[in-house]
Amino acid sequence: MTFTAHVDDLRHTLNHVVGLPQQIEAGLLGDLDADLVDAVLEEAGRFATEVIAPLNRVGDIEGTRRDGDAVIMPTGWKEAYRQWAEAGWGGLPCPPEFGGQGLPMQIGLAAQELWNSASMAFGIGTVLTHGAVEAIRAHGTRQLQDLYLPKLISGEWTGTMNLTEPHAGSDLAALRARAEPRGDGTYAITGTKIFITYGDHDFTDNIAHLVLARLPDAPPGTRGISLFLVPKVLVNDDGSLGAANDVKCAGVEHKLGIHASPTCVMAFGENGGATGWLIGEENRGLACMFTMMNSARLHVGMQGVAIAERAWQQARAYAHERRQGRRPGTEGMVAIIEHPDVKRTLMTMKALTAAARAICFSTARAIDLSHLAGDEAERQANKALADLLTPVAKAFSTDVGVEVASLGVQVHGGMGFIEETGAAQHFRDARIAPIYEGTNGIQAIDLVTRKLPMEGGAVVERFVSALRDDVGRVMASNDPGFGQAGYRLSAAVDALEEATDWLQRELGGDQDRALGGATPYLRLFGLTAGGVAVARGALAATKAGDGSALARVNLARFLAENLATEAPALAATVTGGAGALADMPAEQLAL
Ligand SMILES: Cc1cc2nc3c(=O)[nH]c(=O)nc-3n(C[C@H](O)[C@H](O)[C@H](O)COP(=O)(O)OP(=O)(O)OC[C@H]3O[C@@H](n4cnc5c(N)ncnc54)[C@H](O)[C@@H]3O)c2cc1C
């Protein structure tokens, strides 16, 4: 099935959900204007459709392969990456002083969504390089920035993130990779990292690995972790490439999905120590890595949206083509999209995708405004909002990716289970996103234990109050197209508030009760925030006289009346479900 770049949905989200034109008008986004945004979206859409999307299937079938020490990408991938880099796509949201285009993250995210809808396995490599750029920019020395950033931004080199070790996955405190100071400003890095995305490949001559490791005298736990830049090939002072570093790919994993993304076991320092340079301060590596992880978490959330979009497009096309069953008053078999149950499935797919997209772009907006807003208080408020929304963007959206891709298989009936249609690939590809970049369970815990208590609860309170204002505007519009949406969304916001208050109270007492409700709480948060944002966008589109406004109002209504109605039940699960967990000791699960 061919991929069609969903530029209209992205333009709608930027214009009407996150208010890009208002940000431009307020002078927050430099010389960005609507024409430039359109040009970027259109051209990114063309590139995604014509160059990346045709690689998706061959990438799935061939996967990556090892040839001696080298990792070889599937047929056509290297050439596509070369074109992508030469077109300057790697530099969209990067600093101009290092060759980037200085565009806001909101635009970078839109382009990323297009790459990832076209092929998730292609998109994830570019996401990690961008994360490396952000970490080096925020915490690297000027010398490292000058040596590495122009090449990473131009795509001449790529970047990776090396956290995971066999015994240290979610619990990074357990990591053992070592860094010995050599006395010349460099460190000898030794240790094994697993599951490293794009750890090796034949796209580029060099790879900048960002590696977490411990110094010899480091305190135990997460306070004793430092961050190092360890290039695959050493870089001379003039930027030219020198000798190979003591780093190699020791194996490539065979996976359920994203077969064309090389997931590598990385061996550092088997011959005395890989040369690494400290990023940020000693023992403060996790904080530096979080610069990269927060960006990566939002972008992995966006991958959930991207794969949901791809699965939805394919299911919609199939539902128009496939004829099966009859409808009263028609002759012969009808296209399955005519059946209310199939239509409901398709609308669920579309609505969940729109909700997750709205949350991801709202997070990107908050990140942009945390740097660009006019005064310090606004910058701080947006930083806090971005912190609050990041785990929701990551976990809600990637759960949506899996759910929508699964529904996409269902719409295809038996053909969905057969590989040729491609629906199965989307489902397999989608499955990684709730796992990497911090599992969704860990995101829910982060939301509940770290984000809700921010500023004594004031951050989440402000957010809930803004949701109420949006719902009030939908109701005040008196637009009959919204049906019962205002009432349903209002009930969802009540449910979110009730569950939030309950969690805040429990956090001060029995943490396990709060932790037991974390995952349903995150779903409640996502459905409510996403539902309200989709309605806000539909209302704004109506006011702007947008041609697609009617359909967007219908979608917002469907979401509110059919999906956000889960919110009160989810609140009851959060506040009333923990008892059963507490009363069931782990050993009873063997029964
Ligand atoms: C394809 C792929 C690509 C990856 N890319 C990278 C990469 O580029 N760089 C990198 O460093 N890593 C990468 N990873 C690793 C990935 O981030 C980890 O797999 C992930 O963080 C989970 O760690 P784990 O696999 O050890 O699972 P575990 O930590 O063993 O978790 C198992 C389960 O237990 C739950 N759990 C664990 N601890 C807790 C807790 N305290 N409270 C509640 N629940 C808990 C988890 O939610 C999960 O459901 C990748 C993994 C894969 C499969």
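Up top is the structure these notes are about.
None of these values were measured; they are calculated from a predicted model.

Engineer: So what about the layout of surface pockets? Which residues, and what values?
Structural biologist: Computed from the structure, the second largest pocket encloses a volume of approximately 840 Å³. Together, 31 residues line the second largest pocket, and Val 17, Arg 365, Ala 466, Asp 470 and Arg 536 are the ones closest to its centre. When residues of the lining of the second largest pocket are traced back to their parent elements, those giving at least two are helix 1 (7-17), helix 10 (340-372), helix 11 (376-411), helix 14 (458-476) and helix 17 (518-543). Here the lining of the second largest pocket is built from residues that sort into 17 nonpolar, six polar and eight charged.

Engineer: Which residues make up the packing of helix 14 against helix 17, and what are the values?
Structural biologist: When two helices pack together, their arrangement is given by the angle between the helix axes and by the axis-to-axis distance. One can describe the packing of helix 14 onto helix 17 by two numbers: an axis separation of 9 Å at closest approach and a directional angle of 40°. Overall, the two elements helix 14 and helix 17 adopt an arrangement that is oblique. Note that helix 14 runs across helix 17; the crossing there is left-handed. Contacts from Val 460, Phe 463, Leu 467, Asp 470, Val 471, Arg 473 and Val 474 of helix 14 reach helix 17 at Tyr 521, Phe 525, Thr 528, Ala 529, Val 532, Ala 535, Arg 536 and Leu 539. Classifying every residue of the contact of helix 14 with helix 17 by side-chain character gives 11 nonpolar, one polar and three charged.

Engineer: Let's hear about the environment of Gln 511: which residues, and what values?
Structural biologist: Summarising the element assignment, Gln 511 is placed in helix 16 (residues 511-516). For Gln 511, a relative accessible area of 37% translates into the label partly exposed. Distance in space between the C-alpha atoms of Gln 511 and Cys 288 is 28 Å, their sequence separation being 223 residues. In this view, Gln 511 contacts Thr 449 and Glu 506; residues no more than four positions away in its chain are not counted.

Engineer: Could you give me a rundown of the nonpolar core, with the residues and numbers involved?
Structural biologist: Grouped together as the largest cluster of nonpolar side chains are 175 residues, with contacts concentrated most on Tyr 148, Leu 210, Tyr 521 and Phe 525. For this core, the leading source of residues is helix 9 (residues 285-321), giving 17 residues. If near-sequence neighbours (up to four positions away) are discounted, Phe 525 is found in contact with Leu 388, Leu 389, Val 392, Leu 447, Val 460, Phe 463, Leu 496 and Gly 530.

Engineer: Help me get a handle on unusual backbone geometry, residues and values and all.
Structural biologist: Trans is the common state for peptide bonds, and a negative phi is the common state for residues other than glycine. Positive phi, normally seen in glycine, also occurs at Ile 258, with a value near 30°. Mapped onto the secondary structure, Ile 258 falls in the loop between strand 10 (247-252) and strand 11 (263-268). You can call Ile 258 buried: its relative accessible area is 4%. Phi at Asn 478 takes a positive value of approximately 55°, unusual for a residue other than glycine. Here Asn 478 shows up in the loop between helix 14 and helix 15 (485-507). According to the relative accessible area criterion, Asn 478 is exposed, its value standing at 64%.

About the thresholds
Residues numbered from 1 in each chain as written. Predicted model: local features only at pLDDT ≥ 70, side-chain atom pairs only at ≥ 80, totals over all residues. Heavy atoms only, no water. 1 Å grid on protein atoms, 1.4 Å probe; cavity = no way out; pocket = protein on both sides within 12 Å on 5 of 7 lines; lining within 4 Å. Points joined across faces, edges and corners; volume = space filled by probe spheres on them. Helix = DSSP H or I, 4+ residues; strand = E, 2+ residues; numbered from the N terminus. Nonpolar A, V, L, I, M, F, W, Y, C, P; charged D, E, K, R; others polar. Axes fitted to C-alpha atoms, helices over the stretch in contact; angles between N-to-C directions. Parallel < 35°, antiparallel > 145°, perpendicular 65-115°, else oblique. Left-handed = near helix turned anticlockwise from the far one by under 90°. Contact = heavy atoms within 4.5 Å. Buried < 20%, exposed > 50% of the residue type's maximum accessible area, 1.4 Å probe, protein only. Core = buried A, V, L, I, M, F, W, Y, C linked by side-chain atoms within 4.5 Å.

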